[in-house]
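# Observations on the model geometry
Residues per chain, in single letters:
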Amino acid sequence: MTNPKIPVLIVGAGPVGLALAGDLGWRGVQCCLVEKSDGSIYQPKMDMVGIRTMEFCRRWGIASWVENSPYPRDYPQDNVWVESLTGLEFGRERMPTKDEEPCPPQSAQKRERCPQDMFDPILQRFASQYGVVEFSYRTELVDFNETKTGVLATLRDPKGEQYQVSCDYLVGTDGAASVVREKLGIPMHGEPVLTYTTNVIFRCKDLPALHDKGKAYRFIFIGPEGTWLTIVAIDGANRWRMSIIGDKSKREISETEIRALILRAMGKPFEFEIESIMPWARRELVAESFGTERVFLAGDACHLMSPTGGFGMNTGIADAIDLSWKLEGVLKGWGGPELLRSYGIERKPVAERAVKEASANLGRMLAARRKAPPEIAFRPGPEGEAARREYGDWYTEIMKQEWYSTGIHLGFNYYHSPVVCPDGSTAPHDQVSNYVQTGRPGHRAPHVWLKDGSSTLDLFGRSFVLLCFAPNRQAGSNSFVDAAKERGIPLKVVDLDEEREAREAYGADYVLVRPDGHVAWRGNSPADDVGSLMDTVRGFGKATERSLAKNNRLSSKDNVSAGSAH
């Protein structure tokens, strides 16, 4: 590390830490990312880049990097439930390849398949573009001391020598065994163990040619005991991740037993090479708080969930985005004391929602343990085929909620945040598989295709944005411009008076969108006290209802239009 005094010190260079460093760099905020390892990934823990994360990648200009990763875009994404790869098939959910899958109506992007050993280098490359971002690998956080004016961190360099770094803020993105969380003394609440599981990365060239089930993203293996194993295509080529799903009893699985399980999964002898073995525990935990005044937690450091659904990393990256613009605001002087305090208030309920749904997905996947296939389903002949079909249809139906979860990725909101101005409107029904877009404050600003071919999402990121749908917006927007200039708040005004579809989606003539792309306020005319409104959204105290009286509550007509789907 070349600078002993930095604004933000990030501990942990997984995808969440890399995303935070990259977003801060993109905003021109100096930061240093320290990582105790050399950054190599031997066990890719994630492979699904969710739709909201892809929207962030679009904002950063790197969506094409993810889309053009080495993962083959013509590889089928089917989920298949089988006795073995050469044995009986109970059913499958056919899924399109990444080339074939369309963007959903709610976004200009779609989810992508990009394993961590492909995705982390993309994020590192992105963050490395900015001279204000510094990396220190094989550097370990030893201790830190927080004061009212900053944080003094003690680090250990690759040679084992300790030194100190002063920073304004420290962020722990250092995973499940977070040193930052431990030193803060913040407890985790929930279920410490859902299952003990062992991941095995093995190599086998052209595995699909050895069986008749074809190419698929994930195989779930069901025996007389129910669900016992999964195999995932990591790179769509030669690497496979086998997860031996245990229960709450911890036990060591020998390599001899692992090899026997791989052969059971195939159903016949074949050649393979075990690359790595990693025991781990599925957990359902959320930290009691997400930090202090100057030290924060993000990602697995503050929430741990089953990977069923692919919510973990994507929730963590959304943490990073929420925190990044707030750090920028405070460091650049326009953010108030409530801005960083709002981070945990906003993100903890989102984490709790995702953790709960991930556990529900695990329960659905393991439902075959409660309702194991009948004995006849393992027999040849018409009766066996009928039993397998009936059982497979049942399992397919209960598993669908995991495959289709747009609502989890896009439907979280910050309506009750201290830096959001509520308008009295009703939220759309919270769904898992679908999301009804809304311009309600606190919600992600809706995606609508504009007449020039761009998305409304392309307008957000570097500053607050005032969307003006009123025909004569000059008088209405001037008060915002003046208030923002007086307070040093970055603000861009965008005239969309001819974009009627967008007006319908946002539900008001004026909509103020935060740098993270969430609606901060909306109304059909400027508030009585725009200055008070701007102070609220930048963290200098909640505006009173009286100061926002002119449009604190939209008409019933606007409330209805704000909840319509696009």
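Worth saying up front: this structure is predicted, and the values here are computed from it rather than measured. Along each chain, residue indices are assigned from 1 in the same order as the chain's sequence is written. Given that the model is predicted, a residue must reach a pLDDT of at least 70 before its local features are reported, and side-chain atom pairs must reach 80 or more before they are shown or counted; all residues, however, enter totals for whole chains, interfaces and linings. Each side-chain value is worked out from all heavy atoms of the structure, with water and hydrogens disregarded.

## Concerning unusual backbone geometry
Condition: Put simply, DSSP marks the helices as runs of H or I at least four residues long and the strands as runs of E at least two long, and each gets a number from the N terminus on. For the exposure calls, accessible area comes from a 1.4 Å probe over protein chains only, and a residue counts as buried if that area is under 20% of its type's maximum, exposed if over 50%, partly exposed in between.
In this structure, Arg-138 is a non-glycine residue whose phi angle is positive, near 55°. Along the chain, the position of Arg-138 falls in the loop between β7 (133-137) and β8 (140-146). A positive phi angle is found at Asp-206, which is not glycine, with a value near 55°. Examined against the element boundaries, Asp-206 turns out to sit in the loop between β11 (188-203) and β12 (218-223). Take Asp-206: its relative accessible area is 44%, and that puts it in the partly exposed class.

## Looking at the pattern of salt bridges
Where charged atoms of side chains with opposite charge meet at close range, the side chains can pair. The criterion, for reference: Think of a salt bridge as a Lys or Arg side-chain nitrogen and an Asp or Glu carboxyl oxygen that are within 4 Å of each other.
Per the counting criterion, the structure on display carries 43 salt bridges. We note a salt bridge from Glu-328 to Arg-27, for which the minimum N-O separation is 3.4 Å. Residue Glu-328 is located in helix α7 (residues 312-331), and its partner Arg-27 is located in the loop between α1 (15-26) and β2 (31-35); the two are separated by 301 residues in the primary sequence. With a relative accessible area of 5%, Arg-27 lands in the buried category. As a salt-bridge pair, Glu-140 and Arg-156 come within 3.2 Å of each other at their nearest N and O atoms. On the criterion of sequence distance, the pair formed by Glu-140 in strand β8 and Arg-156 in strand β9 (residues 151-156) is long-range, its members being 16 residues apart. The exposure class of Glu-140 is partly exposed, given its relative accessible area of 33%. Given a relative accessible area of 27%, Arg-156 falls into the partly exposed group.

## Things to note about the sheet that holds strand β18 (residues 464-468)
The line we're drawing: We treat two strands as partners when DSSP finds at least two bridges between them. To obtain an axis, a line is fitted to C-alpha atoms, over the contacting stretch when the element is a helix, and the angle between two such axes runs from 0 to 180 degrees between their N-to-C directions. The contact criterion used is simple: two residues touch if any of their non-hydrogen atoms lie within 4.5 Å.
As summarised here, the arrangement of the four strands in space is β19-β18-β20-β21, forming an open sheet in which the pairing is mixed. Either end of the sheet is taken by a strand with one partner, and the two such strands are β19 (491-495) and β21 (519-523). Strand-to-strand twist in this sheet, taken as the mean axis angle between neighbours without regard to direction, amounts to 15°. Bridge count for β18 against strand β20 (residues 510-513) is four bridges, and the pairing is antiparallel. Of the residues in β20, the one forming a bridge with Leu-467 is Val-511. Running over the sheet, helix α12 (residues 474-487) touches β18, β19, β20 and β21 and is turned about 165° from β19.

## Thoughts on the side chain of Arg-218
Here Arg-218 shows up in strand β12. Looking at Arg-218, the relative accessible area reads 9%, which means it is buried. Each residue touching Arg-218, except ones within four places of it in the same chain, is listed here: Asp-78, Asn-79, Val-80, Thr-230, Ile-231, Val-232, Met-365, Met-399, Glu-402 and Trp-403.

## As for empty space enclosed by the protein
As a reminder of what qualifies: Residues are called lining when one of their atoms sits within 4 Å of a cavity or pocket point, these points coming from a 1 Å grid over the protein atoms alone, where a cavity is a set in which a 1.4 Å probe fits but cannot get out and a pocket is an open set with protein on both sides within 12 Å along at least five of seven lines. Grid points are joined across faces, edges and corners, and a volume is the space filled by probe spheres set on the points. As a working rule, the residues Ala, Val, Leu, Ile, Met, Phe, Trp, Tyr, Cys and Pro are called nonpolar, Asp, Glu, Lys and Arg charged, and the rest polar, with Gly in that last group.
Considering all chains together, one arrives at four cavities of 30 Å³ or more under this definition. Of all the elements in the fold, those that place two or more residues in the lining of the largest cavity are α2 (51-60), α7, α8 (337-365) and α11 (406-410). Here the lining of the largest cavity takes four residues from α8, the largest share from any one element. In terms of residue class, the lining of the largest cavity is made up of six nonpolar, four polar and three charged. What the second largest cavity holds in volume is close to 80 Å³.

## Regarding the environment of Lys-45
With respect to the helices, strands and loops of the structure, Lys-45 is situated in the loop between β2 and β3 (48-49). Along the backbone, Lys-45 and Gln-116 are 71 residues apart, and their C-alpha atoms lie at a distance of 6.4 Å. Residues contacting Lys-45, with those up to four places away along its chain left out, are Gln-116 and Met-278.

## Side note on the sheet that holds strand β15 (residues 273-287)
Reading across from one edge, β5-β4-β12-β13-β14-β11-β15-β17 is the order of the eight strands in this open sheet, with mixed pairing throughout. Two strands lie at the open edges of the sheet, namely β5 (89-93) and β17 (303-304), each paired on one side alone. Strand direction decides the pairing type here: strand β13 (residues 226-233) and strand β14 (residues 239-245), joined by five bridges, are antiparallel. Looking across to β14, one finds that Ile-231 is bridged to Met-242.

## Section: the nonpolar core
Just so we agree on the cut-off: Put simply, buried Ala, Val, Leu, Ile, Met, Phe, Trp, Tyr and Cys residues joined by side-chain atoms within 4.5 Å make one nonpolar core.
Among the nonpolar cores identified, the biggest contains 112 residues, and Leu-9, Trp-60, Phe-119, Leu-170, Phe-202, Phe-221 and Met-242 are the most heavily contacted of them. Setting aside chain neighbours within four positions, we find Phe-221 in contact with Val-82, Glu-83, Ser-84, Leu-85, Gly-226, Thr-227, Trp-228, Leu-229, Thr-230, Ile-231 and Ala-265. Core analysis: the next-biggest nonpolar cluster, separate from the first, contains 22 residues, Cys-468, Ile-489, Ala-520 and Ala-527 among them.

## Re the confidence of the model for the chain
Detail in the predicted coordinates should be disregarded across regions flagged by low pLDDT. Defined as follows: As a per-residue measure, pLDDT reflects the predictor's confidence and takes values from 0 up to 100.
Averaged over every residue, the pLDDT of the chain is 93; the share at 70 or more is 95%. This stretch, residues 555-566, has a pLDDT under 50; its non-local contacts, to residues over four places away or in other chains, come to 27 contacts.

## Description of the layout of surface pockets
In this structure, the second largest pocket spans a volume of roughly 460 Å³. Surrounding the second largest pocket, 19 residues form its lining, Tyr-196, Thr-198, Gly-246, Arg-251 and Ile-253 being those nearest its centre. Mapped onto the lining of the second largest pocket, the elements with two or more residues apiece are β11, β14, α6 (255-266) and β15. With four residues, β15 is the largest single contributor of residues to the lining of the second largest pocket. Taken together, the residues that form the lining of the second largest pocket break down as ten nonpolar, four polar and five charged.

## Quick notes on the packing of aromatic side chains
Note the following rule: What counts as a ring pair is set by centres within 6.5 Å for rings of Phe, Tyr and Trp (its six-membered ring), and what kind of pair is set by the plane angle: stacked under 30 degrees, edge-to-face over 60, tilted for all other angles. Only Lys NZ and Arg CZ are tested; either one counts as a charge over a ring when it is within 6 Å of the ring centre and within 35 degrees of the ring normal.
For the structure shown, the criterion picks out 22 aromatic pairs. Ring centres of Trp-81 and Trp-403 lie 6.1 Å apart, and the angle between their planes is 10°; this geometry places the pair in the stacked category. Remark: Trp-403 occurs in helix α10 (residues 382-403) and Trp-81 occurs in strand β4 (residues 79-82); sequence separation between them is 322 residues. With centroids separated by 6.4 Å and ring planes inclined at 35°, the aromatic side chains of Tyr-169 and Phe-296 adopt a geometry described as tilted. Taken together, the residues span a long stretch of sequence, with Tyr-169 in strand β10 (residues 162-172) and Phe-296 in strand β16 (residues 295-297) at a distance of 127 residues. Side by side, Tyr-169 and Phe-296 carry an identical accessibility label, which is buried. Each residue in the set Trp-81, Phe-90, Phe-378, Tyr-391, Trp-394, Tyr-395 and Trp-403 is aromatic and connected to the rest through ring pairs, giving one cluster. We note Arg-264 situated over the ring of Trp-228; from NZ or CZ to the ring centre the distance is 3.9 Å. Lying over the aromatic face of Trp-26, Arg-462 brings its terminal NZ or CZ to 4.0 Å of the ring centre.

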